[in-house]
Structures are given as structure tokens and as C-alpha cells.
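# Fold and geometry: a report
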Amino acid sequence: GAVVSQHPSRVICKSGTSVKIECRSLDFQATTMFWYRQFPKQSLMLMATSNEGSKATYEQGVEKDKFLINHASLTLSTLTVTSAHPEDSSFYICSAPAQGGYEQYFGPGTRLTVT
Amino acid sequence: AQSVTQLDSQVPVFEEAPVELRCNYSSSVSVYLFWYVQYPNQGLQLLLKYLSGSTLVKGINGFEAEFNKSQTSFHLRKPSVHISDTAEYFCAVGGGNTPLVFGKGTRLSVIA
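Bear in mind that the values here come from a model prediction, so they are computed numbers and not experimental data.

### A few points about the interface of chain B and chain A
- Between chain B and chain A, the contact holds 21 residues from the first and 18 residues from the second.
- Of the roughly 1,600 Å² buried between chain B and chain A, counting both surfaces, carbon and sulfur atoms make up 57%.
- Looking at the side of chain B facing chain A, the largest losses of area belong to Gly96(B), Pro99(B) and Phe102(B), adding up to 27% of the total buried there.
- Where chain B meets chain A, there are one salt bridge.
- Lys49(B) is the partner of Glu103(A) in a salt bridge, and the nearest nitrogen-oxygen pair spans 2.4 Å.
- Taken together, the links from chain B to chain A amount to seven residue pairs in polar contact (both at pLDDT 80 or more).
- Elements with a contribution of two residues or more to the side of chain B that touches chain A: strand S5 (33-38), strand S6 (44-50), strand S10 (87-95) and strand S11 (98-102) of chain B.
- The element contributing the most residues to the side of chain B that touches chain A is S11(B), with four residues.
- Residues belonging to the side of chain B that touches chain A are distributed by class as follows: 10 nonpolar, nine polar and two charged.

If you want it as C-alpha cells, here you go:
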């Protein structure tokens, strides 16, 4: 099956700094990618839909100026957490839809810890 | 709008016993249903999916699920669990170019 990678797998940063998370589709093209956030012992919540060549669509309550999404190519979407705070500490997971199908392929996730 | 309800937040079960994890969904459009497993500090692994066709779906690791349209359910079953099945299980609806909507998850704890 198709593979989606994320980098880094874990990152620790200081409060006030910015962190970039990459999501790549390794063997297929993805015009759309989804970014989810998962707090400890909770489910995955959709943050935003990343669209290649256009602006991302954010879910209600997600600050677009804080969580910057760039989908610059058909295989790469990036999520930048700007001015990170401890409450942004979470597990961030991206996914990409299968071409012509209904399945989605998930990345392995990125554990962000803000100190 | 689509939604998923996982009726049990935690399910403890003895090793080699059968287990059923319950999932009910709500959808006003075509239904595509998924079960994922998440081990501690890891990403999601697809167990099985229902897109169309046979309502009994077989997945990996001996799991299966039955799509029941009249009861809007997609319960996950395994006839005999192992210690290694201890994990968090998520039911989800959606797919294609729309994001998945996840249930809150069920923590399966297999007791030796």
C-alpha cells in the first residue's frame, strides 16, 4: 500500500519558538492532505485540510495564524506551529487520500513537546 | 454531517476470550467505515474497512466487522484475543477526499 511519512517523529522545543512538521506521500501524489491532532488519551481531531496550490481550510477553533500549513507540491505538506506554548504539546498526524479510492493513508505521527 | 459513537471507552477481556467493540455511526451520505488500531506512542494502523459489497468484512490480526445498515452499526469482533491485542481502537466514517471522523476510541485491555 501507499506510504505517508512524517518528519520529525519527535520534537521538543522551548515555549515561544516555532516548529515545522513535514508530511510526505512517498509513492503517490496527494492534492489533499489532512492534519489531525491527538491529545493524550483522546481521539483524533481534524485541524485542517491542506490543498496543493491553494490555501488550507481550517476547522472551527483552530487558529490559522498559529498553525501555518503549506502544501507546496503534490507530495509534501508542512505544518508550522508558530510561537508554540505548552498547551500545543500533542501528537500531530497527517493523512492523504488514496488516488481514486476511499481509503486514507496515515503518517506515523509527530510527538510535539513544548517546554 | 457524519459522526461516530464508540459505546465503550474501556473493554477488559481475558486472554483467548472473544471480544466485541461497538461502533455506531451517523451519516447522510454514502457510508465508508473503518477500524484502526493504535499502539502506545505509535500512529494508526488500518484493521479493516467497509466500502461496499459484503457486509462481513475481514481484516488483519484475526479481526472482523459487520456492517449493519438498519442498526447503523459497524461492530468489531475477534473470537480469541491475545495479550498483543492490547491497544486503543478507533472507529471512523468518511473517506476519499473528505477527512475521517473518528469515534472517541475504545481501550482494549487483554488480561493474562
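### Things to note about the state of the cysteines
- All told, the structure shown has two disulfides over all chains when counted by the stated rule.
- A sulfur-sulfur distance of 2.0 Å marks the disulfide that ties Cys23(A) to Cys94(A). Across the S-S bond linking Cys23(A) and Cys94(A), the dihedral sits near 85°, which makes this disulfide right-handed. Of this pair, Cys23(A) sits in strand S3 (residues 19-25) while Cys94(A) sits in strand S9 (residues 90-97), and the two are 71 residues apart along the sequence.
- Relative accessible area serves as the criterion here: at 0%, Cys94(A) is assigned to the buried category.
- Between the sulfur atoms of Cys23(B) and its disulfide mate Cys91(B) the distance is 2.0 Å.

### Let's talk about the packing of aromatic side chains
- Under the defined criterion, the tally for this structure stands at 13 aromatic pairs over all chains.
- Between Tyr102(A) and Tyr32(B), the aromatic rings sit 4.1 Å apart at their centres with planes inclined by 20°, giving stacked as the arrangement. You can see Tyr102(A) sitting in the loop between S9 and strand S10 (104-106) and its partner Tyr32(B) sitting in the loop between strand S4 (23-26) and S5, one on each of two chains.
- A relative accessible area of 36% places Tyr102(A) in the partly exposed class.

Rules used throughout
Residues numbered from 1 in each chain as written. Chains lettered and ligands numbered in written order. Predicted model: local features only at pLDDT ≥ 70, side-chain atom pairs only at ≥ 80, totals over all residues. Heavy atoms only, no water. Contact = heavy atoms within 4.5 Å. Buried area = accessible area lost by both parts, 1.4 Å probe. Salt bridge = Lys/Arg side-chain N within 4 Å of Asp/Glu carboxyl O. Polar contact = N/O pair within 3.5 Å; in protein donor to acceptor, adjacent residues only side chain to side chain. Helix = DSSP H or I, 4+ residues; strand = E, 2+ residues; numbered from the N terminus. Nonpolar A, V, L, I, M, F, W, Y, C, P; charged D, E, K, R; others polar. Disulfide = S-S within 2.5 Å. Buried < 20%, exposed > 50% of the residue type's maximum accessible area, 1.4 Å probe, protein only. Phe/Tyr/Trp six-rings, centres within 6.5 Å; stacked < 30°, edge-to-face > 60°.

Read these as geometric descriptors, not functional statements.
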